[in-house]
Amino acid sequence: MGSTVLIRRLALATLVGLLVAGGAQAAQAHRTELQVQIDSDQSSITPDGRSMRFHITTKCDMKWTIVEATATVTQSGASGEGSFTPRCGRIPYGVTVTVPVVDGTFHTGPAQAHVVLVVGQGPNKRAEDSGSLRVRPSVSAFLDDTATLQGDGSLVIDVTVTCPMSAVGRGGQVRIYDGRIVGTGTFGPTPCDALPHTVSVSVGSPDGSFQVGSAEASAWASIEEGGDFFSSFDLRTIQIVHA
């Protein structure tokens, strides 16, 4: 009888040990790993060279405290540093990082990026990544909120375009829909000198005259650099008013 009881106790102890070990392995399997990674070698700069954007992925536990989330960029004659807001979860999430320039002016060409993510998980835990970036130019196009109705039923609306000195402007197009008819108008290249340039665009429709009131307007502008084309798009609700 005594040996039987001993065997049962040993079997029970072994079973408990296996359950504890299994539970620990399960907890380990479900533990979120801290990660930060530069997604792509592509990045873009604002037309004035004051900031740069690129994409990363982050992986972190939602219960952790974010201690540090920073990104730095260096290139010939310029550098920048900024923070980002990681998205936490058990799967990697994409995050767009915007780094403002600290010294000099960002420009197209190669750059080096470094990202750091530190969390409070008992003792702080740290992840980081570095990579080379190919910096591309960008162009901005912004529509005015108002278009003026002309005597012939067409519209005139202003578009402000900004593009970097390294690029060549290629013009763009405006499209307006007032709920009845659609019209388009084009504009030619604007200077690329990192300064905003406003052009007045005439928009007409073969279907008749526009009417005073609200309308949906869109505009795009494009630039060229090194044989590659880049564009920007703006969409907004505008008001059509009498000239």
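Everything that follows concerns the structure shown earlier in this document.
Residues numbered from 1 in each chain as written. Predicted model: local features only at pLDDT ≥ 70, side-chain atom pairs only at ≥ 80, totals over all residues. Heavy atoms only, no water.

Engineer: Is there a simple way to explain the overall build of the chain in this structure?
Structural biologist: In terms of helices and strands, the chain carries one helix and 15 strands. Looking at the chain residue by residue over its 243 residues, the buried ones come to 39%. Counting contacts in the chain only where the partners sit at least 6 residues apart, residues at least 24 apart contribute 66% of the total. Of the roughly 13200 Å² that the chain leaves accessible, carbon and sulfur atoms contribute 54%. (Helix = DSSP H or I, 4+ residues; strand = E, 2+ residues; numbered from the N terminus. Buried < 20%, exposed > 50% of the residue type's maximum accessible area, 1.4 Å probe, protein only. Contact = heavy atoms within 4.5 Å. Areas by Shrake-Rupley, 256 points an atom, 1.4 Å probe, with all protein chains shown as cover.)

Engineer: How should the layout of surface pockets be read in this particular structure?
Structural biologist: The computed volume of the largest pocket comes to approximately 190 Å³. For the lining of the largest pocket, the secondary-structure elements that each account for two or more residues are strand S2 (42-45) and strand S3 (51-60). Its residues assigned to classes, the lining of the largest pocket comprises two nonpolar, nine polar and two charged. (1 Å grid on protein atoms, 1.4 Å probe; cavity = no way out; pocket = protein on both sides within 12 Å on 5 of 7 lines; lining within 4 Å. Points joined across faces, edges and corners; volume = space filled by probe spheres on them. Nonpolar A, V, L, I, M, F, W, Y, C, P; charged D, E, K, R; others polar.)

Engineer: Just checking my understanding: could you explain the pattern of salt bridges for this structure?
Structural biologist: Pairing between side chains of opposite charge can happen when their charged atoms approach one another. This model, assessed by the stated rule, comprises seven salt bridges. Asp 178 is the partner of Arg 180 in a salt bridge, and the nearest nitrogen-oxygen pair spans 3.6 Å. Using a relative accessible area of 46% as the deciding quantity, one classes Arg 180 as partly exposed. Asp 234 is paired through a salt bridge with Arg 236; the nearest N and O atoms lie 3.1 Å apart. Classification of Asp 234 by relative accessible area gives buried; the value is 10%. (Salt bridge = Lys/Arg side-chain N within 4 Å of Asp/Glu carboxyl O.)

Engineer: Please explain the state of the cysteines as it appears in this structure.
Structural biologist: What we call a disulfide is simply a covalent bond connecting the sulfur atoms of a pair of cysteines. Scanning the model with the defined rule gives two disulfides in all. Each sulfur in the disulfide pair Cys 163 and Cys 192 lies 2.1 Å from the other. Linking Cys 163 and Cys 192, the disulfide has an S-S dihedral of approximately -100 degrees and is accordingly described as left-handed. You can see Cys 163 sitting in the loop between strand S10 (155-162) and strand S11 (168-177) and its partner Cys 192 sitting in the loop between strand S12 (182-187) and strand S13 (197-203), a full 29 residues away along the chain. (Disulfide = S-S within 2.5 Å.)

Engineer: Help me out: how do you make sense of empty space enclosed by the protein in this one?
Structural biologist: A water-sized probe, rolled over the atoms, reveals where empty space remains. Counted under the stated rule, the structure contains one cavity of 30 Å³ or more. Of the pockets and cavities examined, the largest cavity occupies roughly 40 Å³. Around the largest cavity, the lining residues are Val 139, Val 161, Gly 169, Arg 170, Gly 171, Phe 187, Gly 188, Pro 189, Thr 190, Ala 221, Ser 222 and Ile 223. At the level of secondary structure, the elements contributing two or more residues to the lining of the largest cavity comprise S11 and strand S14 (213-225). Looking at the lining of the largest cavity residue by residue, the class counts come to six nonpolar, five polar and one charged.

Engineer: Explanation requested: the nonpolar core in the structure shown.
Structural biologist: General note: in soluble globular proteins, nonpolar side chains tend to be found buried as a group. The biggest cluster of nonpolar side chains holds 28 residues, and the ones touching the most others in it are Met 52, Phe 54, Ile 56, Val 73 and Phe 84. Put simply, the parts of the chain that give this core at least two residues each are strand S1 (35-38), S3, strand S4 (65-75), strand S6 (89-104), strand S7 (109-120) and strand S8 (124-136). A per-element tally of this core places S7 first, with five residues. Among residues more than four places away in sequence, those in contact with Phe 54 are Ile 38, Gln 42, Ser 43, Ala 71, Val 73, Val 95, Thr 96, Val 97, Val 99, Ala 113, Val 115 and Leu 133. Within the second largest apolar cluster, 27 residues are counted, among which are Ile 157, Ile 181, Ala 217 and Ala 221. (Core = buried A, V, L, I, M, F, W, Y, C linked by side-chain atoms within 4.5 Å.)

Engineer: Would you mind going over the sheet that holds S12 with me for this structure?
Structural biologist: The pairing of strands in a sheet happens through backbone hydrogen bonds and is either parallel or antiparallel. Across the sheet, seven strands lie side by side as S12-S11-S14-S15-S9-S10-S13; this open sheet has mixed pairing. Bordering the open sheet on either side are S12 and S13, each of which pairs with just one other strand. Recorded for the sheet is a direction-independent mean angle of 20 degrees between the axes of neighbouring strands. In terms of strand pairing, S14 meets strand S15 (residues 228-242) through 13 bridges, oriented antiparallel. The partner of Ser 218 across the bridge, within S15, is Leu 235. (Pairing = 2+ DSSP bridges. Axes fitted to C-alpha atoms, helices over the stretch in contact; angles between N-to-C directions.)

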